[in-house]
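Read off the chains here:
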Amino acid sequence: MKGTGSLEKFNAAYIIDANVAMGAGGRVAIYYQDQKISYRDLQREINKAGNALKNLGIEMENRIAILLPNCPEFIACLFGAMKIGAVPVTLNTMMMPEDYQYFLNDSRAKVIVVSSEMAPQIEALRGNLGYLKHIITVGEAGEHQIAYHKRMLVPGPDL
């Protein structure tokens, strides 16, 4: 497997790639509600998320915020960010809007991936967020937001 001996390619997403490379791609990696998501399918979603972030201009060491409940999209964005060298900043869904504003500005996150339930809180803060360029919404996206599932439909190269 390309990069397996190199520490610069070793991050949490490596575990997914290693399982696929060892022939375990069809095995279940995640049980979510009534879904069984295989290592191969998870790898594909992680690569799509990483490529989508790259296509938005996210580079190594850029911060991306993730404000999602426990769901497959959370994992895809977390590992997708790691695979491209970005730094995921996970936010608690129970925080107050002023906390989101603080963490988004302090981390200098350029992108936030947020659930449609939480997106109005972030949208209301948008004028006070000096670094945020894109809001990617899982679920119904608002007027100035990017729909996660439409953005992630386009597969990119393996990362």
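Summarised in this report is the structure supplied together with it. (Residues numbered from 1 in each chain as written. Predicted model: local features only at pLDDT ≥ 70, side-chain atom pairs only at ≥ 80, totals over all residues. Heavy atoms only, no water.)

**Some details on the side chain of S38**
In step 1: Its place among the elements puts S38 in strand β2 (residues 35-38).
In step 2: A polar contact of 3.4 Å, which involves the side chain of S38, links it to the backbone oxygen of G25. (Helix = DSSP H or I, 4+ residues; strand = E, 2+ residues; numbered from the N terminus. Polar contact = N/O pair within 3.5 Å; in protein donor to acceptor, adjacent residues only side chain to side chain.)

**Examining the pairing of strand β1 (residues 28-32)**
On a regular strand, one side chain projects to one face of the sheet and the next to the other, so that they alternate.
In step 1: Sheet analysis places β1 next to β2, joined by four bridges and oriented antiparallel. Bridge pairing links Y32 to Q35 in β2.
In step 2: Linkage of β1 to β2, two consecutive antiparallel strands, is achieved through a turn of two residues, within which Q33 is found at a positive phi near 50°. (Pairing = 2+ DSSP bridges.)

**Considering the pattern of salt bridges**
In step 1: Scanning the model with the defined rule gives four salt bridges in all.
In step 2: For D17, the salt bridge identified is with K83, shortest N-O distance 2.9 Å. Pair noted here: D17 is in helix α1 (residues 13-24) and K83 is in helix α3 (residues 72-83), with a separation of 66 residues, a long-range link.
In step 3: When its relative accessible area of 12% is taken as the criterion, D17 is described as buried.
In step 4: Residues R126 and E123 are paired through a salt bridge, measuring 3.3 Å at the closest nitrogen-oxygen approach. (Salt bridge = Lys/Arg side-chain N within 4 Å of Asp/Glu carboxyl O. Buried < 20%, exposed > 50% of the residue type's maximum accessible area, 1.4 Å probe, protein only.)

**Topic: helix α4 (residues 97-107)**
In step 1: Residues Y100, L104 and S107 constitute the buried set of α4. In a view along the axis of α4, the buried residues occupy a sector of 80°, so they form one face of it. For α4, the exposed residues lying more than 90 degrees away from the buried face are E98, Y102 and D106.
In step 2: On its buried face, α4 sits against β3 (63-67), β4 (87-90), β5 (111-115) and α5 (119-125). (Arc of directions from axis to C-beta. Contact = heavy atoms within 4.5 Å.)

**Section: α1**
In step 1: Taken together, the buried positions of α1 are A13, I16, D17, A18, N19 and A24.
In step 2: Check the buried side of α1 and you find it contacts α2 (39-55) and α3.

**Some remarks on the sheet that holds strand β6 (residues 134-138)**
In step 1: The parallel open sheet is built from five strands, whose spatial order is β4-β3-β5-β6-β7. At either margin of the open sheet sits one strand with a lone partner, and together these are β4 and β7 (146-147).
In step 2: Sheet topology note: the β3/β5 ladder contains four bridges and is parallel. Bridge pairing links I66 to V113 in β5.

**Focus: unusual backbone geometry**
In step 1: The backbone of Q33 sits at a positive phi, close to 50°, despite the residue not being glycine.
In step 2: Within the secondary structure, Q33 sits in the loop between β1 and β2.

**Points about the state of the cysteines**
In step 1: Across all of its chains, the model carries zero disulfides by this definition.
In step 2: For C71, which is in no disulfide, the shortest distance to another cysteine sulfur is to C77 and amounts to 8.1 Å. (Disulfide = S-S within 2.5 Å.)

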